[in-house]
Amino acid sequence: MTRALRLVKAHDNQIAARYSRAIDQFLEAAIEEARAGLREGGFPIGSVLVCEGQIIGRGHNQRVQRDSVIHHAEMNCLENAGRQKASVYARCTIYTTLSPCPMCSGAIVLYKIPHVIIGENSTFLRAEETLRANGTRVDVVQNAECIELMREFISRNPELWNEDIGV
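Residues numbered from 1 in each chain as written. Predicted model: local features only at pLDDT ≥ 70, side-chain atom pairs only at ≥ 80, totals over all residues. Heavy atoms only, no water.

## A word on the packing of aromatic side chains
Remark: the centre distance and the inter-plane angle together describe each pair of aromatic rings, the angle taken between the planes.
Link 1 in the chain: Tallied over the full model, the rule gives 5 aromatic pairs.
Link 2 in the chain: Each ring, one from F43 and one from F153, has its centre 4.8 Å from the other, and the planes form 50 degrees; the classification is tilted. Taken together, the residues span a long stretch of sequence, with F43 in the loop between α1 (3–39) and β1 (46–51) and F153 in helix α7 (residues 144–156) at a distance of 110 residues.
Link 3 in the chain: Take F153: its relative accessible area is 5%, and that puts it in the buried class.
Link 4 in the chain: Their ring planes at 85 degrees and their centres at 5.8 Å tell us that F124 and W161 sit as a pair that is edge-to-face. (Phe/Tyr/Trp six-rings, centres within 6.5 Å; stacked < 30°, edge-to-face > 60°. Helix = DSSP H or I, 4+ residues; strand = E, 2+ residues; numbered from the N terminus. Buried < 20%, exposed > 50% of the residue type's maximum accessible area, 1.4 Å probe, protein only.)

Set out below in structure tokens:
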């Protein structure tokens, strides 16, 4: 391997490592939100909205706590971010611990958030194709903690989970 090729590969690896650390940092913030939801007696689903490396909104599912039909994690996160200009949403990535439902995916599409990073979709998968069909980049990382939080919650609260997903 030539020296030039080694330098290019090293540079690519550095970029990948920085990207991976950023995903870990922001996904960890979403997981913190999920843990907060669980501590409050609700669903362990969290979300953060990131613009240019800064969290501008964070939230967690509060359907139980607020007796709400719309306070899913992504909706709560967007609400907590406050009104933003379209130019801001266009530079954002939204992180969520669980694959978004149709309502949350619709909000992501509506505000033209170009990138969604999903902690896991093995316990719930509903509207990722809607996101992709509307030009949203979707990355699923299958994070072990996200999976465990949901599996444990579902096994302990099957009736509540079934209510949430409309079963």
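Picking up after the structure, the text goes on.
## Regarding the side chain of N61
Link 1 in the chain: Inspection of the secondary structure assignment puts N61 in the loop between β2 (54–60) and α2 (63–66).
Link 2 in the chain: Judged by relative accessible area, which is 1%, N61 ranks as buried.
Link 3 in the chain: Among the polar contacts made by the side chain of N61, one reaches the main-chain amide nitrogen of R63 at a distance of 3.0 Å.
Link 4 in the chain: Excluding anything up to four places from it in sequence, N61 contacts G37, F43, I45, H71, H72, A73 and D164. (Polar contact = N/O pair within 3.5 Å; in protein donor to acceptor, adjacent residues only side chain to side chain. Contact = heavy atoms within 4.5 Å.)

## Quick notes on the environment of M150
Link 1 in the chain: Tracing the chain through its elements places M150 in helix α7.
Link 2 in the chain: Distance from M150 to S122, taken between C-alpha atoms, is 9.5 Å for residues 28 residues apart in sequence.
Link 3 in the chain: Discounting chain neighbours no more than four positions away, the residues touching M150 are P44, I45, L98, E120, T123 and W161.

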